[in-house]
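# Geometric and topological summary
Each chain, letter by letter, is given below.
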Amino acid sequence: MDPVEFRRINEPKAEPIGKKPFSSRSLIQCYEQAANAFGWAKRDSKVGAMRDGDWLIGMGCATAIYPTAVAPCAARVRLTSDGDVRVQCGSHEIGTGVRTVAAQMASERLGVSIDKVTVEMGDSSLPPAPVSGGSISTASVCSAVLKACDAIRAKLSAGATAEGGPLAGSHNEELDLDGGKLAARGGASAKIEDVFKAMQIGAIEEYAEFAPKGATPEAVKKLYAGQSEFHGGDQDEDSVKYAFGAEFVEVRINSYTREIRVPRIVGAFAAGRIMNTRTARSQLMGGMIWGIGQALHEATEVDRRYARYVNRDLQDYLVPVNADIRDLQVILVPEVDHAVNPAGVKGLGELGNVGTAAAVASAVYHATGKRIRDLPIRIDQLIA
């Protein structure tokens, strides 16, 4: 049976072991979009049937799945009368873009342009955040920032609709905050600076603590002591929460030397709300390249006579370089999931690489008929 059709037929309506529903599961949409972009329909399903001169061609696919985890986090947000915003959080920017997405969340919730937002991070004097690992940073930080921003919105709305406020009498209406203005559904609006004048203050600052569902009462206190709780995936009593993806790989294997090349790889991923498509695409691309390295290059070599690592640095430890990566495509599949956390973010730091090696191994089988289950896949494993 075609591997994609096999998955479509056996797609579960609930998590098979515990029978709990998925908070959201867009795996089949990922397969459909990735297969279409990859040209999977052109694949000859017979093993070893596809060739290009001396090169055997194999095509394989695999599922990417990673638990949606989130951790306690704290943040402080300050909005001034001139529309400037300062976000403070003790998270740390390791290149994944958490500063950017924190600024985006504040910009969105407080209705100011992103150039008006300053983000302070990476200092132990700031409100604490969890470690950058386990695909939790965006979900955790953005949830805390969102909570602080919503507290500011509530104070602004109360001040605007109070007696003597610029929107007095609109207290039963939901107010929108955008473009530096508070607007009532009836059409009345007021500039933020006028609301501040009515409130006779120059700034509103809110500190917020976010603790995910299932967190202990001491979760944030433990965070201040450098201890972080992780929650998510299958821990919820009501549903299981995962991010999904589908990866398609083409390999070319020289029929004489058994040299392996990966000329094409396509991945489609559904990870809840994507806060920033550029940083998300970059992380997923890096994950897929990492997965190629896991499949074909990476291994720790040990000299057992002397109990020493032979390849102990990046000079000797093999990882993919630019020349190894040719056509790589990332597809972001839209998905809305409000159950995972307030920000609706599933996280995708690890998602890009967890299915790649399996897809490469499947493609190697399609080209050669050899099922390789030990990584990395090496030339000597493919010699008949």
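Residues numbered from 1 in each chain as written. Predicted model: local features only at pLDDT ≥ 70, side-chain atom pairs only at ≥ 80, totals over all residues. Heavy atoms only, no water.

With twelve residues, helix α2 (residues 27-38) ought to run about 16 Å at 1.5 Å a step, and its terminal C-alpha atoms sit 16 Å apart, in line with that. Of the positions making up α2, those classed as buried are Leu27, Ile28, Cys30, Tyr31, Ala34, Ala35 and Phe38. For α2, the arc enclosing every buried residue in end-on projection is 150 degrees, short of the 170-degree limit, so these residues lie on one face. At the C-terminal side of α2, Gly39 shows a positive phi close to 80 degrees. (Helix = DSSP H or I, 4+ residues; strand = E, 2+ residues; numbered from the N terminus. Expected span 1.5 Å × (residues − 1). Buried < 20%, exposed > 50% of the residue type's maximum accessible area, 1.4 Å probe, protein only. Arc of directions from axis to C-beta.)

On the surface, Met1, Phe6 and Ile9 cluster together to form a nonpolar patch covering roughly 370 Å² of accessible area. In this structure, Met1 sits in the segment before α1 (3-9). Met1 gets classed as exposed once you look at its relative accessible area, which sits at 69%. (Patch = residues over 30% accessible without salt bridge, like charges linked within 9 Å, V, L, I, M, F, W, Y side chains within 5 Å. Areas by Shrake-Rupley, 256 points an atom, 1.4 Å probe, with all protein chains shown as cover. Salt bridge = Lys/Arg side-chain N within 4 Å of Asp/Glu carboxyl O.)

What follows concerns helix α7 (residues 277-296). With 20 residues, α7 extends 29 Å from end C-alpha to end C-alpha; this agrees with the ideal 28 Å at 1.5 Å per step. Of the positions making up α7, those classed as buried are Ala280, Leu284, Gly287, Met288, Gly291, Ile292, Gly293, Ala295 and Leu296. Lining the buried residues of α7 we find β12 (242-254), β13 (260-270), β16 (327-332) and α8 (356-368). Where α7 begins, the capping side chain belongs to Asn276, and its oxygen is found 3.0 Å from the backbone nitrogen of Arg278. (Contact = heavy atoms within 4.5 Å. Polar contact = N/O pair within 3.5 Å; in protein donor to acceptor, adjacent residues only side chain to side chain.)

Reading across the sheet, the four strands line up as β6-β5-β4-β10 and stay open at both edges, with mixed pairing between neighbours. The two strands at the open ends of the sheet, each matched to only one other strand, are β6 (117-120) and β10 (203-210). Averaged over all pairs of adjacent strands, the angle between their axes in this sheet comes to 15 degrees, without regard to strand direction. In terms of strand pairing, strand β4 (residues 73-80) meets β10 through eight bridges, oriented antiparallel. Within β10, the residue paired with Ala75 across the bridge is Ala208. Helix α3 (residues 98-110) contacts β4, β5 (85-88) and β6 of the sheet and is inclined by roughly 140 degrees relative to β6. (Pairing = 2+ DSSP bridges. Axes fitted to C-alpha atoms, helices over the stretch in contact; angles between N-to-C directions.)

Further remarks concern the packing of helix α4 (residues 137-161) against helix α5 (residues 192-199). Two elements in contact, α4 and α5, have axes whose closest approach is 9 Å; the angle formed by their N-to-C orientations is 70 degrees. Relative to α5, the element α4 is oriented roughly perpendicular. For the pair α4 and α5, contact is made by Lys155, Leu156, Gly159 and Ala160 and by Val195, Phe196 and Met199, respectively. By residue class, the composition of the contact of α4 with α5 is five nonpolar, one polar and one charged. (Parallel < 35°, antiparallel > 145°, perpendicular 65-115°, else oblique. Nonpolar A, V, L, I, M, F, W, Y, C, P; charged D, E, K, R; others polar.)

Evaluation of the coordinates by the stated rule reveals 20 salt bridges. A salt bridge links Arg76 to Glu205; the shortest N-O distance between them is 3.9 Å. Highlighted residues: Arg76 in strand β4 and Glu205 in strand β10, separated in sequence by 129 residues. Here Arg76 falls in the partly exposed class, since its relative accessible area comes to 23%. Among the salt bridges present, the one from Glu205 reaches Arg86, with a minimum N-O distance of 3.4 Å. A residue pair is termed long-range when its members are at least 10 positions apart, and Glu205 in strand β10 and Arg86 in strand β5 qualify at 119 residues. On the accessibility criterion, Arg86 (29% relative accessible area) is partly exposed. Ionic contacts of the salt-bridge type, sharing partners, join the residues Asp52, Glu250, Arg252 and Arg264 into one network.

Moving on: the pairing of strand β2 (residues 55-67). Relative to β2, strand β1 (residues 51-52) runs antiparallel, the two being bridged by two bridges. Bridging from a neighbouring strand, Asp52 pairs with Trp55 of β2. Connecting β1 to the next strand, β2, in antiparallel fashion are two residues, including Gly53 with a positive phi near 65 degrees.

So, on to the side chain of Ser26. Relative to the assigned elements, Ser26 resides in the loop between α1 and α2. Here Ser26 falls in the buried class, since its relative accessible area comes to 8%. In contact with Ser26, not counting residues within four places along its chain, are Phe244, Ala270 and Glu335.

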